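# Coordinates in review
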Amino acid sequence: MSTIPALFRHLVDDAAMFPPGDLPLVEAVAAHRAHRKSDHADLVGPFVCTDDDLMKVAAEAARTGGGPLEVSVVIIGGAGGIEPAVRYGDRSADVVVKSVEVRLRDEDDLSRNALRVVRACDDCLDEENAFVEIGLDGAWERALDVVADAGYAAKLRTGGLDASLFPNADQVAAFITACLDREVAFKCTAGLHNAVRHTAADTGFEHHGFLNVLLATRASLDGAAQDEMAALLENRDGQPLAAQARTLSEAQAVGTRKWFTSFGSCSIDEPRHDLTELGLLETK
């Protein structure tokens, strides 16, 4: 029996190599191995790497032993990079490609770009999933329609190294609603290291909290309007949010996670620490 509640099980994808963590590959793989052997192993999702680093990650996984690493591969070369990454995973004994993550290019017709991506996925994906990062500019909902029709998942960038990369609460609420309306699962990336919304002391950036996003997703599934979801996303008081999370049944937690599948974080310890401080994870 896992000690990690269903609401948080495999919630945090290990993006230790990405900013702002930027952990060197050898250290990142070793840290991931350690997390996967720890008491909080069931909090952790796949190891996230770029397609450029996939072969090096596989080589390090082979060198260190312990079996193949489950990875989610961020494709940095557009739709043409999907098949080589997937085929390499099919041949490798050292990595298992669980999913690919592809960002749509910044162009006028996002839906046309989305169509190229899903066709490339159709040509090579078997057991793997695809997360298409759409963005929230332009006709993004038309691009989401393409992803929905193809049966793939979406990805939302919730932060980064510049304030412009942080969507506001209304935008996040609109994205969640649009995904659920189309029955599209989604993951988030960047800026969600902490459970609760806050202002970063070093940058002044407004960070969303992953607990806020989980509860806003649950609220939408229960029929909440977008303004109610936005209010949840803007809540900075961790204890009431934690109390609300504790009221969810196992079925509600599983139902929430069916749609909000995970988020990428360069730190596993920060989310774990926050959940422990809020009394949502047991300490050992």
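This text follows the structure it describes.
The text that follows walks through the structure, step by step, so that each part is easy to find.

Across its full length, the protein chain carries 11 helices and 10 strands. Considering only intrachain contacts with a sequence separation of at least 6, the fraction spanning at least 24 residues in the protein chain is 74%. When the accessible surface of the protein chain is split by element, carbon and sulfur atoms take 47% of a total near 12700 Å². Separation of charge centres in the protein chain, based on 27 positive and 46 negative side chains, amounts to 4 Å.

Moving on to the nonpolar core. Among the nonpolar cores identified, the biggest contains 93 residues, and Phe8, Val57, Val71, Ile82, Val100, Ile134 and Leu211 are the most heavily contacted of them. If one sorts the elements of this core by residue count, helix H6 (residues 169-181) sits on top with eight residues. Discounting chain neighbours no more than four positions away, the residues touching Leu211 are Phe8, Ala195, Leu241, Ala242, Ala245, Leu278 and Leu280.

Remark on secondary structure: sheet strands pair via backbone hydrogen bonds, oriented parallel or antiparallel. Spatial strand order, S1-S2-S3-S4-S5-S6-S7-S10: eight strands in a closed barrel with parallel pairing. Ignoring which end each strand starts from, the neighbouring axes of this sheet average 30° apart. Relative to strand S3 (residues 69-75), strand S2 (residues 44-50) runs parallel, the two sharing four bridges. If you follow Thr50 over to S3, its bridge partner there is Val74. Of the strands in this sheet, S2, S3 and strand S4 (95-103) touch helix H2 (residues 54-64), which is tilted by about 165° from S3.

The next subject is the packing of aromatic side chains. Under the counting rule described, the total for this entry stands at five aromatic pairs. Taking 6.2 Å as the distance between ring centres and 35° as the angle between the ring planes, the aromatic pair formed by Trp140 and Phe175 counts as tilted. In this pair, Trp140 sits in helix H5 (residues 140-150) while Phe175 sits in helix H6, placing the two residues 35 residues apart along the sequence. Between the aromatic rings of Phe186 and Phe260, the centroid separation amounts to 5.3 Å while the plane-to-plane angle is 5°, which identifies the pairing as stacked. Here the residue Phe186 occupies a position in strand S7 (residues 186-189), and Phe260 occupies one in strand S10 (residues 260-265), the gap between them amounting to 74 residues. On the basis of relative accessibility, which here comes to 0%, the residue Phe186 falls in the buried class. Note on Phe260: relative accessible area 0%, which makes it buried.

Attention shifts here to a negative patch on the surface. Together, Asp170, Asp227, Glu228 and Glu234 give the surface a local cluster of negative charge. The element contributing the most residues to the negative patch is helix H8 (residues 226-234), with three residues. One can find Asp227 in helix H8. Of the residues examined, Asp227 reaches a relative accessible area of 57% and is grouped as exposed.

Once that is clear, we can look at the pairing of S7. Burial along S7 is two-sided: the face carrying Phe186 and Cys188 and the face carrying Lys187 and Thr189 are both buried. Sheet topology note: the strand S6 (residues 153-157)/S7 ladder contains four bridges and is parallel. In the sheet register, Arg157 faces S7, and the bridge partner there is Thr189. For S7 and S10, the ladder comprises four bridges, and the chain directions are parallel. Bridge pairing in S10 links Cys188 to Phe263.

Let us now look at the pairing of S2. Remember that side chains alternate between the two faces of the sheet whenever the strand is regular. With seven of seven residues buried, S2 lies mostly within the body of the structure. Both strand S1 (residues 12-14) and S2 contribute to a ladder of two bridges, which runs parallel. Each bridged residue has a counterpart across the sheet, and for Val12 the counterpart in S2 is Val44. Handedness of the crossover joining S1 and S2 through helix H1 (residues 25-36): right-handed.

So, how was this worked out
Residues numbered from 1 in each chain as written. Predicted model: local features only at pLDDT ≥ 70, side-chain atom pairs only at ≥ 80, totals over all residues. Heavy atoms only, no water. Helix = DSSP H or I, 4+ residues; strand = E, 2+ residues; numbered from the N terminus. Contact = heavy atoms within 4.5 Å. Areas by Shrake-Rupley, 256 points an atom, 1.4 Å probe, with all protein chains shown as cover. Lys, Arg positive; Asp, Glu negative; His and termini not counted. Charge placed at Lys NZ, Arg CZ, Asp CG, Glu CD. Core = buried A, V, L, I, M, F, W, Y, C linked by side-chain atoms within 4.5 Å. Buried < 20%, exposed > 50% of the residue type's maximum accessible area, 1.4 Å probe, protein only. Pairing = 2+ DSSP bridges. Axes fitted to C-alpha atoms, helices over the stretch in contact; angles between N-to-C directions. Phe/Tyr/Trp six-rings, centres within 6.5 Å; stacked < 30°, edge-to-face > 60°. Patch = residues over 30% accessible without salt bridge, like charges linked within 9 Å, V, L, I, M, F, W, Y side chains within 5 Å. Salt bridge = Lys/Arg side-chain N within 4 Å of Asp/Glu carboxyl O. Right-handed = clockwise from strand over helix to strand, strands pointing away.

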